[in-house]
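# Structural features, examined
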Amino acid sequence: MSQNNNTSVEALVNLLEAVRKRPGLYIGPRDDGAIWYLNTFLSGVNATSELFGVSWDRFDRDIRGDVLVERGWQLDSHGPNGIWQVMFDQGMNMEAIIDELLVIEITVLQRSFRSGTS
């Protein structure tokens, strides 16, 4: 991985950490529409990161799977609405779901960064 990619991945991790600290500032209210806003936000971050040579699509899917399992989520339980629906069904509120999804993305980025996958 080039130094530019290293710097870009670090910047993405820093951005997502900032979102974790102040999610309302970046994705709006944490109500029923929050998942849509979070997905839209992450899609925008993904598209912007492509400009800097970091593609989330290329991150090792095994890394994402490992992170999900380590955090206690079943890989085959996501259903059509994704893992957030499982979180919601288990009683997590939107704030906790958003935080968990951001932690997963941050961890995947960090591991992909260390393994040179991006």
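Residues numbered from 1 in each chain as written. Predicted model: local features only at pLDDT ≥ 70, side-chain atom pairs only at ≥ 80, totals over all residues. Heavy atoms only, no water.

### Brief notes about the overall build of the protein chain
If you tally the helices and strands in the protein chain, you get six helices and zero strands. The secondary structure elements of the protein chain, listed N-terminal to C-terminal, are α-α-α-α-α-α. Buried residues in the protein chain amount to 41% of all 118 residues. In the protein chain, the share of contacts with a sequence separation of at least 24, taken over all contacts with a separation of at least 6, comes to 68%. Carbon and sulfur atoms provide 49% of the accessible area of the protein chain, an area that totals close to 6,800 Å². (Helix = DSSP H or I, 4+ residues; strand = E, 2+ residues; numbered from the N terminus. Buried < 20%, exposed > 50% of the residue type's maximum accessible area, 1.4 Å probe, protein only. Contact = heavy atoms within 4.5 Å. Areas by Shrake-Rupley, 256 points an atom, 1.4 Å probe, with all protein chains shown as cover.)

### Quick look at the side chain of glutamate 105
Structurally, glutamate 105 is set in helix 6 (residues 94-115). A polar contact of 2.8 Å, which involves the side chain of glutamate 105, links it to the side chain of arginine 64. (Polar contact = N/O pair within 3.5 Å; in protein donor to acceptor, adjacent residues only side chain to side chain.)

### Side note on the environment of glutamate 10
Here glutamate 10 is to be found in helix 1 (residues 3-21). Taking C-alpha positions, glutamate 10 is 9.9 Å from isoleucine 106, a pair spaced 96 residues apart along the chain.

### Considering helix 3 (residues 34-51)
The end-to-end C-alpha distance of helix 3 is 26 Å, a good match for the 26 Å that 18 residues give at a rise of 1.5 Å each. Among the residues of helix 3, those classed as buried are Ala34, Ile35, Leu38, Phe41, Leu42, Val45, Asn46 and Ser49. Along the long axis of helix 3, the arc covered by the buried residues comes to 140 degrees, so they all point the same way. Opposite the packed face of helix 3, turned more than 90 degrees from it, sit the exposed residues Trp36 and Leu51. (Expected span 1.5 Å × (residues − 1). Arc of directions from axis to C-beta.)

### Quick look at the pattern of salt bridges
This model, assessed by the stated rule, comprises five salt bridges. Between glutamate 17 and arginine 20 there is a salt bridge, with its nearest N and O atoms 3.7 Å apart. With glutamate 17 and arginine 20 both in helix 1 and three residues apart, this pair spans about one turn of that helix. Residue glutamate 17 is classed as partly exposed on the basis of its relative accessible area of 26%. Of the residues examined, arginine 20 reaches a relative accessible area of 31% and is grouped as partly exposed. A salt bridge links glutamate 105 to arginine 64, with the shortest nitrogen-to-oxygen separation between them at 2.8 Å. (Salt bridge = Lys/Arg side-chain N within 4 Å of Asp/Glu carboxyl O.)

### Re the packing of aromatic side chains
The final tally for this structure, using the stated rule, is two aromatic pairs. Ring plane angle 65 degrees and centroid distance 6.1 Å describe the contact between tyrosine 26 and phenylalanine 41, whose orientation is recorded as edge-to-face. One end of the pair, tyrosine 26, is in helix 2 (residues 23-27); the other, phenylalanine 41, is in helix 3, and 15 residues separate them in sequence. Given a relative accessible area of 18%, phenylalanine 41 falls into the buried group. For the pair tryptophan 36 and tyrosine 37, a centre-to-centre distance of 5.1 Å together with 75 degrees between the ring planes defines the contact as edge-to-face. You can call tryptophan 36 exposed: its relative accessible area is 56%. A relative accessible area of 37% places tyrosine 37 in the partly exposed class. (Phe/Tyr/Trp six-rings, centres within 6.5 Å; stacked < 30°, edge-to-face > 60°.)

### Structural notes on the environment of threonine 107
Among the secondary structure elements, threonine 107 is positioned in helix 6. When its relative accessible area of 17% is taken as the criterion, threonine 107 is described as buried. When the C-alpha atoms of threonine 107 and arginine 64 are compared, they prove to be 8.4 Å apart, with 43 residues separating the residues in sequence.

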